[in-house]
2 protein chains.
Amino acid sequence: MDRYNFAAGPAALPSPVLEAAKAGLSNWKGSGQSVMEIPFTGDEFAEIHQEALSSLRLLLDIPSDYHILFLQGGAYGQFSMLPMNLLRGKDRADYVVTGHWSRRAADEARKYCSVNIAASGSASRYTDIPDWADWSLDPQAAYCHITTNETADGVQFSALPDTGPVPLVADVTSDFLTQPVDIKLFGALYASAQKNAGTAGLTVVIIKERLLGQPLPITPAVFDYTRLAKNASKVNTPPVWSVFIAGLMFKWIQSEGGLEEMAVRNRRKAAMLYEVIDESGLYRCAVAEKVRSSVNVCFHLPDQDLENAFLFSAQQRGLLNLKGHSASGGIRASFYNAVSEEAVAALVVFMRDFAAENSRASYYYVRDSNG
Amino acid sequence: MDRYNFAAGPAALPSPVLEAAKAGLSNWKGSGQSVMEIPFTGDEFAEIHQEALSSLRLLLDIPSDYHILFLQGGAYGQFSMLPMNLLRGKDRADYVVTGHWSRRAADEARKYCSVNIAASGSASRYTDIPDWADWSLDPQAAYCHITTNETADGVQFSALPDTGPVPLVADVTSDFLTQPVDIKLFGALYASAQKNAGTAGLTVVIIKERLLGQPLPITPAVFDYTRLAKNASKVNTPPVWSVFIAGLMFKWIQSEGGLEEMAVRNRRKAAMLYEVIDESGLYRCAVAEKVRSSVNVCFHLPDQDLENAFLFSAQQRGLLNLKGHSASGGIRASFYNAVSEEAVAALVVFMRDFAAENSRASYYYVRDSNG
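Given the structure is predicted, the values throughout are model-derived calculations rather than measurements.

Counting its regular elements, chain A contains ten helices and 13 strands. Considering only C-alpha atoms, chain A reaches an extent of 65 × 55 × 30 Å along its principal axes. Here chain A holds 371 residues, and the buried ones make up 56% of them. Long-range contacts, defined as pairs at least 24 residues apart, comprise 70% of the intrachain contacts of chain A with a sequence gap of at least 6.

Right, here's the structure in full:
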């Protein structure tokens, strides 16, 4: 039986990356050591690190006045490090809350500054994103933070907002490298690696040079962007293996046709799934059509019993890790770059079968709508 | 040619661990996924995580009122997180400075509290550790911090100090799991993994329950020990692969005879090297005999040219990564658990050969001592 992994992160990796990873566990480039055993100050790691940086700069066409930092601690760690590094003498920041993770980011920022919620999807229960023309931006804000794709809610910005002179800062963890983006529109963006850039334990920060230089005095040395930029991210031992895997991922994306091709595939994959959801009568996706995520498709079945039956049957068919985020419940299918169209097709076939076998479910909706 | 890795970290891993790691890149326990691809909230990772915890608790005989936390950010990250989490309403902490890393730890702590240098090896240029009876401990200190082994300086505590009611907190990164320790003597101890516990990207913190509960308001969520302890270290995605490798290391140590056996081997390995240093006339180890490190043997040759020749010839003989830390210079041979006695024997043979071939070097010492 073929098995397909729809996990939200850590998530599926491409077979060629796993094969190359195996080579990294042996005699790496004749050094007599595995990649996990090489000193981070030596030539072997310098090459791995430099290649990962170059590949990423090429993939995203990152301008020369942006630094790429390779850190630890996950995107959640950055929720604290952003205000520590980016307030630059100001005492406030704008946050746009569009779901679970942007809410957490705002909560963390309150430890270090005044937070202005410039816009919130709470009125729609995070099934829509307020039009940015209606945002209440604070011109005195040090930056404006958004989460481009909400992993738990299945909501994704379809276009970037214009925040004027206030630098746009974005958590791009779940749609990082799934489509082309114009880096010049951001002051900073960041992503933890375990979705589209390899394995957990690495966080990528891309930041404009002119935002550096004014960390808060309480900023930990290993999370001081300025110091990290000066030291090529090597303030202390970097997560060598995770950097290696990220480099393999960057090269794999390039070899598959780059971000344009990833975007085409990801749109196609998501369209297949939203189609079966909308036609089924059994599955419900509450997210407004224009902000439906192309990477995390979140939906519900009429009740918990049916959702459990769905998850059980899917697992039996080799369709793995479809359970929704604990904060949102329901079902979630994550379609990062390494999830093939074949995998999505298998999921679609299963979902049609399951809907046909559970046609009585339409009953539930009637009951629901009658209260 | 056999090759031996004497790197200070990332460092050599045992072959059985590398073999088991390879299995982790394939179909892990029939799950259809590699360990890098499994959700951190699922059963597969729960088992990996729990086994690593149990193995470590067994190895170190960790009492039940101590939590084990698996974090990111390295020991250097903990230099900030310690005061954030452990001040508990106090405004000061004691630091004992015995070399490069304890100095850095004290520097970071000054961002959050008043630091009392209770003792310093600076008068001996960090070649000795002041007797703890002479330390100027502050009874109002929230904790007293030591670095049990200085990786860059080759200095190691031969016995633990008695800090009375002030909790002893220790960076044990480089001698973690190289010998038995009595956990009950510590309030907290921590180690980054890339020396004796696997691969970079994981930091282990072992902390007494009663020290939890009073983090500073500025403590980042993912570094809040109290929150981490409540959430089994899973406040956000843990470094899944590094936890897996650490678990393999813990089991390997147990299978080799545990910490008593590691201590015997490590003492034997270090004794072999210090013997050739002391007998040679060419090599100089400045560290006082009673505090010589059993894991990082640091020494010099008479001049930089000879040190370069030594490093070049060693490399030719397959003896890798012997260059000293950039802050200390000279030569450093690191003998963590995975470095075999065979590897140390090969180094000893080479060092005797090199000394014989460079006997003129004794001339340098005569010149040196005459000014």
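It is worth spelling out the packing of helix α1 (residues 15–24) of chain A against helix α6 (residues 240–255) of chain A at this point. Residues and elements named next belong to chain A. With their axes 10 Å apart at the nearest point, α1 and α6 run at an angle of 145° to one another. Considering the relative orientation of α1 and α6, their crossing is right-handed. Between α1, through Pro16, Val17, Ala20, Ala21 and Gly24, and α6, the contact on the second element is made entirely by Phe244, Ile245, Leu248, Met249 and Trp252. Grouping the amino acids of the contact of α1 with α6 by side-chain chemistry returns nine nonpolar, one polar and no charged.

The subject of this paragraph is the interface of chain A and chain B. Across the contact, 51 residues belong to chain A and 50 residues belong to chain B. Listed by contribution, the elements that provide at least two residues to the side of chain A that touches chain B are α1, α3 (74–86) and α6 of chain A. The biggest single contributor to the side of chain A that touches chain B is α3(A), with four residues. Along the lines of polarity and charge, the residues of the side of chain A that touches chain B split into 26 nonpolar, 20 polar and five charged.

Take chain A, turn it by 180°, move it 0.0 Å along the axis, and it overlays chain B with an RMSD of 0.0 Å. Here the symmetry operator amounts to a two-fold rotation axis. Of all interface residues in chain A, 98% are interface residues in chain B too; the two copies therefore contact each other through one and the same surface.

So, on to the UniProt feature "modified residue: N6-(pyridoxal phosphate)lysine" (unreviewed entry) in chain A. Per the UniProt annotation, the sites labelled "modified residue: N6-(pyridoxal phosphate)lysine" (unreviewed entry) are Lys195(A). For Lys195(A), a count of 31 C-beta atoms within 10 Å puts it in the buried group.

All names here are of chain A. Reading across the sheet, the seven strands line up as β2-β10-β9-β8-β5-β3-β4 and stay open at both edges, with mixed pairing between neighbours. Each edge of the open sheet carries a strand with a single partner, namely β2 (66–71) and β4 (114–120). The sheet shows a mean angle of 20° between the axes of neighbouring strands, direction not considered. Seen against the sheet, α3 touches β3 (92–97), β5 (144–147), β8 (168–171), β9 (188–192) and β10 (203–208) and runs at an angle of roughly 155° to β9.

Moving on: the confidence of the model for chain A. Averaged over all residues, the pLDDT of chain A equals 95, while 97% of them reach at least 70. Complex prediction metrics read pTM 0.95 and ipTM 0.95.

All names here are of chain A. Assigned domains within chain A: domain 1 (15–255) and domain 2 (258–369). Contacts between the two partners involve 23 residues from domain 1, matched on the other side by 24 residues from domain 2. Secondary structure elements with two or more residues in the side of domain 1 that touches domain 2: β7 (155–156) and α6. Class assignment of the residues belonging to the side of domain 1 that touches domain 2 gives a composition of seven nonpolar, twelve polar and four charged.

Turning next to the nonpolar core. The tendency in soluble globular proteins is for nonpolar side chains to be buried as a group. Among the nonpolar cores identified, the biggest contains 252 residues, and Ala188(A), Val240(A), Leu347(A), Ala188(B) and Val240(B) are the most heavily contacted of them. Leave out the neighbours within four places in its chain, and Val240(B) touches Pro10(A), Thr199(A), Ala200(A), Val35(B), Met36(B), Ile38(B), Phe40(B) and Phe45(B).

With that out of the way, let us pick up helix α4 (residues 100–109) of chain B. Residues and elements named next belong to chain B. Counting buried positions along α4 gives eight out of ten residues, so the element sits mostly inside the fold. Taken residue by residue, α4 has Trp101, Ser102, Arg103, Arg104, Ala105, Ala106, Glu108 and Ala109 as its buried positions. Packing partners of the buried residues in α4 comprise α3 (74–86), β3 (92–97), β4 (114–120), β5 (144–147), β6 (149–150) and β8 (168–171).

All names here are of chain B. If you walk across this open sheet you meet the seven strands as β2-β10-β9-β8-β5-β3-β4, and the pairing is mixed. Of all strands in the sheet, those with a lone pairing partner are β2 (66–71) and β4, marking the two edges. The sheet shows a mean angle of 20° between the axes of neighbouring strands, direction not considered. As judged from the two bridges shared by β3 and β5, these two strands associate in the parallel manner. Note on β5: the bridge partner recorded for Tyr95 is His145. Against the sheet, α3 engages β3, β5, β8, β9 (188–192) and β10 (203–208), with an angle of about 155° to β9.

Calculation notes
- Residues numbered from 1 in each chain as written.
- Chains lettered and ligands numbered in written order.
- Predicted model: local features only at pLDDT ≥ 70, side-chain atom pairs only at ≥ 80, totals over all residues.
- Helix = DSSP H or I, 4+ residues; strand = E, 2+ residues; numbered from the N terminus.
- Buried ≥ 20, exposed ≤ 12 C-beta atoms within 10 Å, placed from the backbone.
- Contact = placed C-beta atoms within 7 Å.
- Axes fitted to C-alpha atoms, helices over the stretch in contact; angles between N-to-C directions.
- Left-handed = near helix turned anticlockwise from the far one by under 90°.
- Nonpolar A, V, L, I, M, F, W, Y, C, P; charged D, E, K, R; others polar.
- Least-squares fit on C-alpha atoms with pLDDT ≥ 70 in both.
- UniProt positions renumbered as here; feature names shortened; annotations may be inferred.
- Pairing = 2+ DSSP bridges.
- pLDDT = per-residue confidence, 0-100.
- Domains from an automatic or database assignment.
- Core = buried A, V, L, I, M, F, W, Y, C linked by C-beta atoms within 7 Å.

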